[in-house]
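A look at the structure
Okay, here's what each chain looks like letter by letter:
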Amino acid sequence: MAAQVTEVTIDCFSDYLTAYRKRHDCATALTMLVENWSKSLHEGKIVGLPSIDISMAFDCLYNPLLLAKMQSCSFDDESIKLMKSYFTDRFGRVKVGDV
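Here goes a summary of the coordinates provided. Being a predicted model, the structure only gives us computed values, none of them experimental.

Focus: the overall build of the protein
For the protein, the count of helices and strands is four helices and zero strands. Start at the N end of the protein and walk to the C end: the helices and strands fall as α-α-α-α. A globule of 99 residues ought to have a C-alpha radius of gyration of about 13 Å, yet the protein, at 19 Å, is considerably larger. Considered along the principal axes of its C-alpha atoms, the protein spans approximately 55 × 45 × 20 Å. Buried positions account for 11% of the 99 residues belonging to the protein.

Right, dumping it as structure tokens:
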């Protein structure tokens, strides 16, 4: 399935996206950022950093839509079945205080 995801998405991702790509990790992302910040500061520019956490984003997806998108992108049946089984009978809960 990893090869299918790469094939379908490789042209969609920015060169600056470092997550979930071969030979890209936190170190390459930080190196690129520090180099860009240093260059900008040297040029007298102001540097800012917006930051978001999307670690739970996958859990917010509408599962039927994701499966339909996978099918429209020509993922094989086994990959779609794998994802469907992952989504089947899953639930979440939130704990507030002692409740």
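Focus: the packing of aromatic side chains
Applying the stated criterion across every chain, the model contains one aromatic pair. An angle of 70° between the planes, with centres 5.6 Å apart, marks the rings of tyrosine 86 and phenylalanine 87 as edge-to-face. Residue classification places tyrosine 86 among the partly exposed positions, given a relative accessible area of 35%. The class of phenylalanine 87 is buried, set by a relative accessible area of 12%.

Some points on the nonpolar core
One finds Leu67, Met70, Phe75, Ile80, Met83 and Phe87 forming the largest nonpolar core, which totals six residues. Counting residues per element, the ones that place at least two in this core are α3 (63–72) and α4 (77–87). Here this core gets three residues from one element, more than from any other, and that element is α4. Excluding residues that lie within four positions of it along the chain, methionine 70 makes contacts with Met1, Phe75, Ser79, Ile80 and Met83.

So, unusual backbone geometry
With a phi close to 70°, serine 74 is a non-glycine residue in the positive phi region. In this fold, serine 74 is placed in the loop between α3 and α4. Relative accessible area serves as the criterion here: at 62%, serine 74 is assigned to the exposed category.

Here's the deal with a nonpolar patch on the surface
Together, Met1, Val5 and Leu82 make up an exposed nonpolar region whose accessible area comes to about 240 Å². By the element assignment, leucine 82 lies in helix α4. Among the residues examined, leucine 82 registers a relative accessible area of 49% and is labelled partly exposed.

Looking at the packing of α3 against α4
When two helices pack together, you describe them by how their axes are tilted relative to each other and by the distance separating the axes. Between α3 and α4, the least distance of the axes is 10 Å, while the angle of their chain directions is 175°. The angle between α3 and α4 falls in the class roughly antiparallel. Contacts between α3 and α4 involve Asn63, Leu66, Leu67, Met70 and Gln71 from the former and Ser79, Ile80, Met83, Lys84 and Phe87 from the latter. Looking at the contact of α3 with α4 residue by residue, the class counts come to six nonpolar, three polar and one charged.

Rules behind the numbers
- Residues numbered from 1 in each chain as written.
- Predicted model: local features only at pLDDT ≥ 70, side-chain atom pairs only at ≥ 80, totals over all residues.
- Heavy atoms only, no water.
- Helix = DSSP H or I, 4+ residues; strand = E, 2+ residues; numbered from the N terminus.
- Rg over C-alpha atoms; globule rule 2.2 N^0.38 Å.
- Buried < 20%, exposed > 50% of the residue type's maximum accessible area, 1.4 Å probe, protein only.
- Phe/Tyr/Trp six-rings, centres within 6.5 Å; stacked < 30°, edge-to-face > 60°.
- Core = buried A, V, L, I, M, F, W, Y, C linked by side-chain atoms within 4.5 Å.
- Contact = heavy atoms within 4.5 Å.
- Patch = residues over 30% accessible without salt bridge, like charges linked within 9 Å, V, L, I, M, F, W, Y side chains within 5 Å.
- Areas by Shrake-Rupley, 256 points an atom, 1.4 Å probe, with all protein chains shown as cover.
- Salt bridge = Lys/Arg side-chain N within 4 Å of Asp/Glu carboxyl O.
- Axes fitted to C-alpha atoms, helices over the stretch in contact; angles between N-to-C directions.
- Parallel < 35°, antiparallel > 145°, perpendicular 65-115°, else oblique.
- Nonpolar A, V, L, I, M, F, W, Y, C, P; charged D, E, K, R; others polar.

Honestly, that's just the spatial picture; any functional story needs more than this.
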